[in-house]
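# Working through the structure, step by step
One letter stands for each residue in the lines below.
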Amino acid sequence: MNSLASLNRRLGVLADLVAQHPELPAPNVEICSVITDRITVSFHESPGAFRQWLTALGIALHTVQGGAGATCAWLTALYEVDGVTLKLTSYTRLDVAETDGAV
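Cut-offs and rules
- Residues numbered from 1 in each chain as written.
- Predicted model: local features only at pLDDT ≥ 70, side-chain atom pairs only at ≥ 80, totals over all residues.
- Heavy atoms only, no water.
- Buried < 20%, exposed > 50% of the residue type's maximum accessible area, 1.4 Å probe, protein only.
- Helix = DSSP H or I, 4+ residues; strand = E, 2+ residues; numbered from the N terminus.
- Arc of directions from axis to C-beta.
- Contact = heavy atoms within 4.5 Å.
- Phe/Tyr/Trp six-rings, centres within 6.5 Å; stacked < 30°, edge-to-face > 60°.

## Here we look at helix H2 (residues 47-57)
Among the residues of H2, those classed as buried are Ala49, Phe50, Trp53, Leu54 and Leu57. An end-on view of H2 places all buried positions within 145° of arc, on one side of the element. Contact partners of the buried residues in H2: helix H1 (8-20), strand E2 (38-44), strand E4 (72-81) and strand E5 (84-93). In the stretch just after H2, Gly58 is the one whose phi turns positive, near 75°.

## Some details on the environment of Arg93
Considering the arrangement of structural elements, one finds Arg93 in strand E5. Once the C-alpha coordinates of Arg93 and Cys72 are considered, the two residues, 21 residues apart in sequence, prove to be 4.4 Å apart.

## Quick word on the environment of Val84
Tracing the backbone shows Val84 in strand E5. Note on Val84: relative accessible area 0%, which makes it buried. With 81 residues separating them in the primary sequence, Val84 and Ser3 have C-alpha atoms 17 Å apart. If sequence neighbours within four positions are ignored, Val84 has contacts with Arg9, Arg10, Val13, Asp37, Arg38, Ile39 and Tyr79.

## Looking at the packing of aromatic side chains
Applying the stated criterion across every chain, the model contains two aromatic pairs. Relative to Phe50, the ring of Phe43 has its centre 6.0 Å away and its plane inclined at 70°; by these criteria the two rings are edge-to-face. Accessibility expressed as a relative area gives 3% for Phe43, which makes it buried. Residue classification places Phe50 among the buried positions, given a relative accessible area of 4%. Through successive ring pairs, a cluster of aromatic residues spans Phe43, Phe50 and Trp53.

In structure tokens form, the structure reads like this:
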């Protein structure tokens, strides 16, 4: 099991991002004790906030990958800083049309 000290590098990267970009919208942030070289940053129903982060970090739009399920679509971008990978994901609910079985 990792100790709290294993979080130092990732917390430092996060603190640097706050210092460099205090104007960015606050995302959901996850720092996992198992995957020690990643910070997961997610946006729910906030595609504009996701776009602001991409712009601020200089992430090219052509590198963003996406997908969709029955009720949700997502876009994901990876960005590396100081040996830590930021995984940025934007989730958006899809409107599911109700049908009565008629075609």
